[in-house]
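# Coordinates in review
Listed here are the chains, written in short residue letters.
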Amino acid sequence: QVQLVESGGGLVQAGGSLRLSCAASGRTFSSYAMGWFRQAPGKEREFVAAISWSGGSTYYADSVKGRFTISRDNAKNTVYLQMNSLKPEDTAVYYCAAGPRAVVAGYDYWGQGTQVTVSS
């Protein structure tokens with residue numbers, strides 16, 4: 001069992017930056033791939049980024065490539081999402097997830113989400 005708690009969301013102006021954190025409980029954090037997803041009002045949840053268990057492989061949605069960076073610190077049981085050059089269309093609730101593979105779906109554990117609002 002893995003419990004995930006996101007933090008770092010907030011209100012930021014377009015062009016600004018935020019760093020989201022996702023703290024995981026449990027001793028097996030380093031064995032899980034981690035992903036970030038987001039859900040805007042009235043829209044389906046969408047994949048944002050993923051990272052392999054070792055941190056050696058990362059994957060991004062086209063909409064965030066070049067602006068967002070996913071990373072992890074297995075010693076701290078934490079995964080991060082650095083978000084730069086934010087746009088109003090990045091406004092959403094952001095969720096982290098843990099699963100067996102760094103892919104766009106198939107995650108087993110989810111956090112409760114953190115709100116990110118980007119003003120124009």
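Residues numbered from 1 in each chain as written. Predicted model: local features only at pLDDT ≥ 70, side-chain atom pairs only at ≥ 80, totals over all residues. Heavy atoms only, no water.

### Focus: the overall build of the protein chain
Here is the rule we go by: Secondary structure elements are taken from DSSP: a helix is a run of H or I of four residues or more, a strand is a run of E of two residues or more, and numbering for both begins at the N terminus. Note on contacts: a residue pair qualifies if any of its non-hydrogen atoms lie within 4.5 Å across the two residues. Each accessible area is a Shrake-Rupley estimate made with a 1.4 Å probe; only the visible protein chains count as cover when residues are assessed. Lys and Arg are tallied as positive, Asp and Glu as negative. Neither His nor the chain termini are counted. In this description, the location of a charge corresponds to atom NZ of lysine, CZ of arginine, CG of aspartate or CD of glutamate.
Each helix and strand counted, the protein chain has 0 helices and 11 strands in total. Of the regular secondary structure in the protein chain, the N- to C-terminal order runs β-β-β-β-β-β-β-β-β-β-β. When its C-alpha atoms are laid out on the principal axes, the protein chain stretches across 40 × 25 × 25 Å. When contacts within the protein chain are restricted to residue pairs at least 6 apart in sequence, long-range pairs at least 24 apart make up 56% of them. Carbon and sulfur atoms provide 47% of the accessible area of the protein chain, an area that totals close to 6100 Å². Positive and negative side-chain charges of the protein chain, numbering 11 and 8 respectively, have mean locations separated by a distance of 5 Å.

### Some details on the environment of G99
Defined as follows: Each residue's exposure class comes from its accessible area (1.4 Å probe, protein chains only) as a fraction of the maximum for that residue type: buried when under 20%, exposed when over 50%, partly exposed otherwise.
Here G99 is to be found in strand β9 (residues 92–99). The class for G99 is buried, based on a relative accessible area of 0%. Note: C-alpha distance between G99 and R19 (80 residues apart in sequence) is 22 Å. Leaving out residues up to four positions away in the same chain, G99 has contacts with Y32, A33, Y107 and D108.

### With respect to the pattern of salt bridges
Stated formally: A pair is scored as a salt bridge if a Lys or Arg side-chain nitrogen falls within 4 Å of a carboxyl oxygen belonging to Asp or Glu.
Taken as a whole and assessed by the stated rule, the structure comprises 4 salt bridges. R38 is the partner of E46 in a salt bridge, and the nearest nitrogen-oxygen pair spans 2.6 Å. Given the relative accessible area of 35%, E46 is considered partly exposed. When its relative accessible area of 5% is taken as the criterion, R38 is described as buried. Ionic pairing is found between R38 and D90, a salt bridge with its closest N-O pair at 2.9 Å. Remark: D90 occurs in the loop between β8 (78–83) and β9 and R38 occurs in strand β4 (residues 33–39); sequence separation between them is 52 residues.

### A word on the state of the cysteines
To be explicit about the condition: Cysteine sulfurs are considered disulfide-paired once they come within 2.5 Å of each other.
Taken as a whole and judged by the stated rule, the model has 1 disulfide. Linked covalently through their sulfurs, C22 and C96 form a disulfide whose S-S length is 1.9 Å. Disulfide C22-C96: torsion about the S-S bond near 50°, hence right-handed. Residue C22 is located in strand β3 (residues 18–24), and its partner C96 is located in strand β9; the two are separated by 74 residues in the primary sequence.

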